[in-house]
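Here is how the chains run, residue by residue.
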Amino acid sequence: MGSFKGKGIGTMGNSVDCEVIVIGAGPYGLSAASHLRALGIEVLVLGEPMRFWANEMPEGMLLRSPREASTISDPRSELTLEAYEAASGTKPAVRVARKTFVDYGRWFQAKLGSDLDRRNVAQVHREGSVFKVTLSDGAVLTGRRVVVAAGVGPFKRSPKPFSDLSHSQVSHCYDGRRFADLGKRVAVIGAGQSALESAALLREAGAAVEVIARIPTLRWIGMHKRLHQLGPISRMLYSKHDVGPIGVSRLVAYPNLIFHIPLGLKDRIRTRAVRSAGAPWLIPRLPQVKMTTGRTVLSAREISGEVQLMLDDGSERRVDHVLLGTGYRVDISKYEFLSPSLVKEVRQLDGYPDVAAGFSTSVPGLHFIGATAARKFGPLLYFVAGTEFASKELALHVSRNRTRNGVN
Ligand SMILES: Cc1cc2nc3c(=O)[nH]c(=O)nc-3n(C[C@H](O)[C@H](O)[C@H](O)COP(=O)(O)OP(=O)(O)OC[C@H]3O[C@@H](n4cnc5c(N)ncnc54)[C@H](O)[C@@H]3O)c2cc1C
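Conventions adopted
Just so you know, the residues in each chain are numbered from 1, in the order the chain's sequence is written. Only residues with pLDDT of at least 70 are given local features in this predicted model, and only at 80 or more are side-chain atom pairs given and counted; all residues enter the totals for whole chains, interfaces and linings. As a convention, hydrogens and water are excluded, and side-chain values are obtained from all of the structure's heavy atoms. Throughout, nonpolar core names a set of buried Ala, Val, Leu, Ile, Met, Phe, Trp, Tyr and Cys residues whose side chains join them through atoms within 4.5 Å. Each residue's exposure class comes from its accessible area (1.4 Å probe, protein chains only) as a fraction of the maximum for that residue type: buried when under 20%, exposed when over 50%, partly exposed otherwise. Axis definition: a line fit to C-alpha positions, over the contact stretch in the case of helices; interaxial angles, taken between N-to-C directions, run 0 to 180 degrees. Secondary structure elements follow DSSP: runs of H or I no shorter than four residues count as helices, runs of E no shorter than two count as strands, and numbering proceeds from the N terminus. Here the word oblique covers every angle except those under 35 degrees (roughly parallel), over 145 (roughly antiparallel) and from 65 to 115 (roughly perpendicular). Each crossing gets its handedness from the near helix: less than a right angle anticlockwise from the far helix is left-handed, clockwise is right-handed. Contact criterion: two residues are considered in contact whenever any of their non-hydrogen atoms come within 4.5 Å of each other. Residues are sorted three ways: Asp, Glu, Lys and Arg are charged, Ala, Val, Leu, Ile, Met, Phe, Trp, Tyr, Cys and Pro are nonpolar, and all the rest, Gly among them, are polar. In this analysis, strands are considered paired if DSSP registers two or more bridges between them. By the criterion used throughout, a crossover qualifies as right-handed when its path from the first strand across the helix to the second strand runs clockwise, the strands pointing away from the viewer.

(A) A look at the nonpolar core. In this structure, Val124 and Leu381 are the most contacted members of the largest nonpolar core, which totals 107 residues. Ala187, Val307, Leu309 and Val322 belong to the second-largest nonpolar core, a separate cluster that totals 14 residues.

Quick look at the structure:
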């Protein structure tokens, strides 16, 4: 671990430091590395393990995904959440805490061993058939393939009305800000899990909180409790990943099937599966939070040190801070480490890379896994549960295609 010393392996002619370079040491990057290595493929993961979860997710948050869908996949299913809990003496909880998940990911990485370099990637570009990866300290590594597993951090959505507010007046739910420092009156915008959970955490930290959401009424995930309690029938209706409503949940568990569905229908399935909704265990934590639904914020500006919000019913709010739970929008040009020329070469679908089998792209040797692949492989790829499919497909593809021209 630490700084990788290039080995200059001579894969198929050109000498490279490493056959596969994975950018990002989150669940997808770590899982991919474990599967690639199991097939004898030399791999190097770049980045601080679990940095997004450790530094940018709200303190005190609980995973929305059920325990059985919160394991990072490894080829032998030895590095499960349960294995971590047993090894570390962590008491299994029904809801996995963010801290437990971060520690679990770091344990997973430690078990993987040496194929990690904590340095950040500053830039990636292509030179002939290899990729040059420049690290934050200026060092340059070369790789035959690059797998982008860099998550959704740069894709945060910040609606236009809030664009004139300063950093002290507006932030995103996963900006890594301490909720206790945001002020006494906070407006939370949005009605998804991160907005509602942030509202609960803010209230518990002593703030007066109002949730303002466009949808007419709040939605809660899994409210058909009885349908989840019918044993084998429930298993026919819902997959263990619990992504999406009845029926859709089963379909999205098969990303290879989703891949073959026409894009328009696939988009409808994806948006339905991940539409704004909160986990029902948040309900008892929210009675003291004011809920304003069916309303849009038209403008936000600073007046005498306060934030003034004007809503579409003509009403006004004065708050200390606005917290955006407005989700994210994938746009790979926002990955600053991808050179503009490389981004241009990647065939895209509205900001998503047009990934094909093995998460390959129109640029030979460049792969994208995780949320960026969800447009083609469906919403499972937004979640940790998708690591199993992604890592297996990626590793098999790399393994099958490495002996021909080096890449495909
Ligand atoms: C608020 C919120 C709640 C969520 N809750 C759940 C949940 O309960 N269950 C679930 O399954 N999923 C949940 N998700 C989705 C979750 O983000 C993914 O499941 C998971 O983190 C995806 O893993 P990843 O490796 O693709 O991305 P990440 O976990 O974001 O990891 C990517 C890593 O790449 C690193 N990186 C980025 N750029 C560089 C660079 N230039 N150089 C080096 N490293 C870099 C980042 O720092 C980051 O650590 C949630 C997401 C959000 C935003």
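Resuming the write-up.
(B) Up close: the packing of helix α1 (residues 27–38) against helix α12 (residues 387–401). One way to put it is that α1 packs onto α12 with a least axis distance of 8 Å and a crossing angle of 45°. Judged by the inter-axis angle, α1 sits oblique to α12. The crossing of α1 and α12 is right-handed. Packed against α1, whose contacting residues are Pro27, Tyr28, Ser31, Ala32, His35 and Leu36, the element α12 presents Thr387, Ala390, Ser391, Lys392, Leu394, Ala395 and Val398 at the interface. Within the contact of α1 with α12, the residues separate by chemical class into eight nonpolar, four polar and one charged.

(C) Molecular detail of the pairing of strand β13 (residues 316–319). Only one face of β13 is buried, namely the one carrying Arg317 and Val319, since none of Glu316 and Arg318 on the opposite face is buried. In this sheet, β13 lies alongside strand β12 (residues 306–311) in antiparallel orientation, the contact comprising four bridges. Each residue of the ladder has a partner; that of methionine 310, found in β13, is glutamate 316.

(D) Molecular detail of the pairing of strand β8 (residues 185–189). The element β8 is extensively covered by neighbouring structure, given that four of its five residues are classed as buried. In this fold, the crossover linking β8 to strand β9 (residues 208–212) by way of helix α5 (residues 193–204) has right-handed handedness. Sheet topology note: the β8/strand β14 (residues 321–324) ladder contains four bridges and is parallel. Residue pairing in the sheet places alanine 187 in a bridge with valine 322 of β14.

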